[in-house]
Amino acid sequence: MLKRNIKWIIYLIFFILLISGFEERSSVREMPIFNPNYMSPIVMVPGSSAGENRFDYLISNLPREKNHFKHSVLKVEVNENDKMRFQGGISRIDNQPIIVVSFQNNRDGYQNINQQAKLLGKVMQSLQNKYGFTDFRALGHSNGGLIWTLAIEKYINISKIHLDCLMTIATPYNLHGSKMLNELVHNRNKIPYNTTVYSIAGAKNYSTDGLVKSNSVYSGKYIYQSRVRYFTEITVTGENTSHSDLPENRQVIGIISNYLFNNLAGTKTFQ
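Residues numbered from 1 in each chain as written. Predicted model: local features only at pLDDT ≥ 70, side-chain atom pairs only at ≥ 80, totals over all residues. Heavy atoms only, no water.

**Quick look at the sheet that holds strand E6 (residues 162-169)**
Strand order in the open sheet formed by eight strands is E3-E2-E4-E1-E5-E6-E7-E8, with mixed pairing between adjacent strands. What marks the edges here is a single partner per strand, and that holds for strand E3 (84-88) and strand E8 (230-237). Sheet twist, expressed as the average angle between the axes of neighbouring strands with direction ignored, equals 20°. Of the strand pairs in this sheet, strand E5 (residues 135-141) and E6 are connected by seven bridges, and their pairing is parallel. If you follow Gly140 over to E6, its bridge partner there is Thr168. Along the sheet face, helix H4 (residues 143-155) touches strand E1 (42-45), strand E4 (98-103), E5 and E6 and points at about 140° away from the line of E5. (Pairing = 2+ DSSP bridges. Helix = DSSP H or I, 4+ residues; strand = E, 2+ residues; numbered from the N terminus. Axes fitted to C-alpha atoms, helices over the stretch in contact; angles between N-to-C directions. Contact = heavy atoms within 4.5 Å.)

Structure (structure tokens):
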């Protein structure tokens, strides 16, 4: 009798362990697992005099992904001593997190912009080491576009990390005359061919967004056209197309959603 009870007890324990193992395997299959090979962060750089909160309105008004998924946001500020301060974080299930990189020295001028580009290269190396991604997308507003272009040409090892897409908004490629433009054109062979570039200009009137001349924005074609796989110029007109308003313009937000996040938003995004 005792042997029979022990036998049934063993059977019961085995059955419980079997069921527990099945439930554990099922829960593991259902849980999305972070894989850096599928992670393609969107890294945003504001323009001169702008800080880490420059894109808050843009980010909060991006259309939700399917299943109402909201992207995680990590903010990185680099101080005068090249130290990085992190705020927020990246969700382990977010394959397209948003990373905003800003600089304590966010002043205008050729030397400052070049220094900011160098720091951006260090930030990207740090982020890549930490998160292991091999693909990214980039957004720069105003001088942020210049910072990105300089960083891509001089300070980011594009052979080890793929730039899938770059979008610049109201970037003055012909800033302060031809010195910077000449340098960017001279080094354009460092820009990877297998990427896509969008250059957005605001047209408050026929020639300017109120701060940056349209021809300065359109000078980006001398850097990117015939160098990258696809180069597209987009001119946004109507309300909220002045230089500082462009990152909060509904048309611009729709373009960013569609082409940086691959999120085919509804037409209401453009209204």
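From this point, the narrative continues.
**A word on the packing of helix H3 (residues 110-131) against helix H5 (residues 179-186)**
Two numbers describe how H3 lies on H5: the axes approach to 11 Å, and their chain directions differ by 35°. Viewed along their axes, H3 and H5 form a crossing whose handedness is right-handed. Along its contact with H3, which presents Tyr110, Ile113 and Asn114, the element H5 presents Lys179, Met180 and Glu183. Its residues placed into classes, the contact of H3 with H5 shows three nonpolar, one polar and two charged. (Left-handed = near helix turned anticlockwise from the far one by under 90°. Nonpolar A, V, L, I, M, F, W, Y, C, P; charged D, E, K, R; others polar.)

**What about the pattern of salt bridges?**
Counted by the stated rule, this structure contains eight salt bridges. Its salt-bridge partner being Arg85, residue Glu52 comes within 2.9 Å of it at the nearest N-O pair. One end of the pair, Glu52, is in the loop between E1 and helix H2 (56-60); the other, Arg85, is in strand E3, with 33 residues separating them in the sequence. For Arg85, a relative accessible area of 37% gives the class partly exposed. With a shortest N-O distance of 3.7 Å, Asp82 and Lys122 are connected by a salt bridge. (Salt bridge = Lys/Arg side-chain N within 4 Å of Asp/Glu carboxyl O. Buried < 20%, exposed > 50% of the residue type's maximum accessible area, 1.4 Å probe, protein only.)

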